[in-house]
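Structural description and commentary
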Amino acid sequence: MHDIHIIGGGLAGSEAAWQLAEAGFKVRLSEMRGVEGTPAHHTDSLAELVCSNSFRSDDAEKNAVGLLHAEMRALGSLILREGDAHRVPAGSALAMDRDGFSAGVTAAIENHPNIELVRERVDTLPEGPAIIATGPLTAASLAGAIQAETGQDQLAFFDAIAPIVHRESIDMDVCWFQSRWNKGDGKDYINCPMNKDEYLAFIEALNDGEKTEFKEWEKNTPYFDGCMPIEVMASRGVDTLRHGPMKPVGLDDPRTGRWPYAVVQLRQDNALGTLWNIVGFQTKLKYAEQVRIFRMIPGLQNAEFARLGGLHRNTFIRSPILLDGTLRLKSRPNVRFAGQITGCEGYVESAAIGLLAGRFAAAELAGRTLPTPPATTALGALIGHITGGGEADTYQPMNVNFGLFPPLENLPRKADRKLAMTSRAREAMAEWQAGIAPQTA
């Protein structure tokens, strides 16, 4: 009844299913939610955005993730198509209405004639062609089957969720609209200013606030720096947050005409503009503590929260030694892995690896071989890190970044290096696309 079985309906699984279905292959897509929930998801929709609603920078000339956006669009990405369709203001970033985005992906998958969406939990590795894209919250039974097959210990880290505030509860007599350095339309963020005394009191409260207690098996699990809880950053030094998510540079308080001592920013979270998330405020504080402490922020003293922050454990495999260059499990090559379970980090990166897994599988089902994208492209650099570029013994989740790309041969001046990287990538990507035949069943 199907040519390939995909397990997991997150961003990676949905993207992989779309790529295969568009190539003419019959796909069975199994999604556990609808039968069994997870600690992080709130809906049964496919490709639910459980943390931020942003795909980060959309600048394809000077930013690695923006370049990845462009490459995925060129390859017919469903995730980027729906991200663009449900875009909300966020300066130079690609942010979206999270509910509209997930609804769009779900509708596309449900309505595709080559995809059968089945709500079920899968506990064992499939015998036929398959892609496992179960993400960082893989069910214990399937995770155990993967561990039994690979013989490798699972690696894990904590990923924290930022709170969301109702717009009408924000005091705009204290706060103001402005993007840092007035990028975008200059008014894509709400800024809450802090003076020195307010900032120091806030740091003290974060350090003293009651935190979520860890289970015994969670105590030695490392954090991924890109999702570091706000209170963990605060514990690293009194000025850490002022140089991180609370940095005031490029933001002029209209009441003083100067940069505040520190700033808390909120970014629009839905198309209506009624919900705003607190940027960089992932947390493991207990709920009552979150309400008490975050209401210390000027302008949020009466904040009403649509969602409070949370914490969940993420699981991923030691991909550099377990997977081959096309994401197949070396010990069981009928199975590919995609998304965050491979150790990539970020919505876009997960979808990108899903896109590649789908295209590699489509080529294999058609009796062809799809060459890996050049290492000088964002897609090639990312998959190269996952399938061999990362150090296996210390392998940790990684966002796409220019550090994963091969160095430039003729090193230009520093100000021109990012543009040189993206120009080289576009040329390589165009050549690669020209050299691959259409993948149809």
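Residues numbered from 1 in each chain as written. Predicted model: local features only at pLDDT ≥ 70, side-chain atom pairs only at ≥ 80, totals over all residues. Heavy atoms only, no water.

**A few points about the packing of aromatic side chains**
Rules: Between 30 and 60 degrees the pair is tilted, below 30 it is stacked and above 60 it is edge-to-face, where a pair is any two Phe, Tyr or Trp rings, Trp via its six-membered ring, whose centres lie within 6.5 Å. Counting from the N terminus, the helices are the DSSP runs of H or I reaching at least four residues and the strands are the DSSP runs of E reaching at least two. For a Lys NZ or an Arg CZ to count as sitting over a ring, it must be within 6 Å of the ring centre and within 35 degrees of the ring normal.
As enumerated under the stated definition, the model contains nine aromatic pairs in all. Here the aromatic rings of Tyr199 and Tyr261 are separated by 5.7 Å at their centres, their planes lie at 65 degrees, and the arrangement is edge-to-face. Of the two residues, Tyr199 sits in helix H6 (residues 196–208) while Tyr261 sits in the loop between helix H7 (230–234) and strand S12 (262–268), which places them 62 residues apart along the sequence. Over the aromatic face of Tyr261 sits the side chain of Arg242, whose NZ or CZ is 3.8 Å from the ring centroid.

**Overview of the side chain of Gln178**
The following threshold applies: Burial status follows relative accessibility: with a 1.4 Å probe on protein chains alone, a residue under 20% of its type maximum counts as buried, one over 50% as exposed, and anything between as partly exposed. Note on contacts: a residue pair is in contact if any heavy atoms of the two residues lie within 4.5 Å.
Relative to the helices and strands, Gln178 is located in the loop between strand S10 (176–177) and strand S11 (189–194). Judged by relative accessible area, which is 5%, Gln178 ranks as buried. The residues touching Gln178, leaving out its near neighbours within four places in the chain, are Gly186, Lys187, Asp188, Tyr189, Asn191, Gly250, Leu251, Asp252 and Gln265.

**Focus: the pattern of salt bridges**
Applicable threshold: For salt bridges, the criterion is a side-chain nitrogen of Lys or Arg within 4 Å of an Asp or Glu carboxyl oxygen.
Under the definition given, this model contains 23 salt bridges. Between Glu31 and Arg33 there is a salt bridge, and its shortest N-O distance comes to 3.2 Å.

**Concerning the sheet that holds strand S5 (residues 93–96)**
By way of backbone hydrogen bonds, the strands of a sheet pair with one another, either parallel or antiparallel. For clarity, the threshold we go by: In this analysis, strands are considered paired if DSSP registers two or more bridges between them. A fitted line through C-alpha atoms represents every axis, and for helices the fit uses only the stretch in contact; the resulting angles, taken between N-to-C directions, go from 0 to 180 degrees.
Taken in spatial order, the three strands of this open sheet run S3-S5-S4, and their pairing is antiparallel. Strands with a single pairing partner mark the edges of an open sheet, and in this sheet they are strand S3 (54–57) and strand S4 (87–88). Where helix H3 (residues 78–85) meets the sheet, its contacts fall on S3, S4 and S5, and the angle it forms with S5 comes to roughly 80 degrees.

**Points about the packing of helix H10 (residues 347–365) against helix H11 (residues 378–389)**
Our working rule: Should an angle fall under 35 degrees it is taken as roughly parallel, and over 145 as roughly antiparallel, whereas 65 to 115 is taken as roughly perpendicular and any remaining angle as oblique.
Two elements in contact, H10 and H11, have axes whose closest approach is 10 Å; the angle formed by their N-to-C orientations is 85 degrees. Between H10 and H11, the interaxial angle falls into the category roughly perpendicular. The residues of H11 that touch H10, namely those facing Glu349, Ala352, Ile353, Leu356 and Phe360, are Leu379, Leu382, Ile383 and Ile386.

**A short note on the sheet that holds strand S14 (residues 305–307)**
Taken in spatial order, the six strands of this open sheet run S10-S11-S12-S13-S9-S14, and their pairing is antiparallel. Bordering the open sheet on either side are S10 and S14, each of which pairs with just one other strand. Sheet analysis places S12 next to strand S13 (residues 275–278), joined by three bridges and oriented antiparallel. The partner of Arg267 across the bridge, within S13, is Asn277.

These results come straight from atomic positions and should not be treated as a statement about function.
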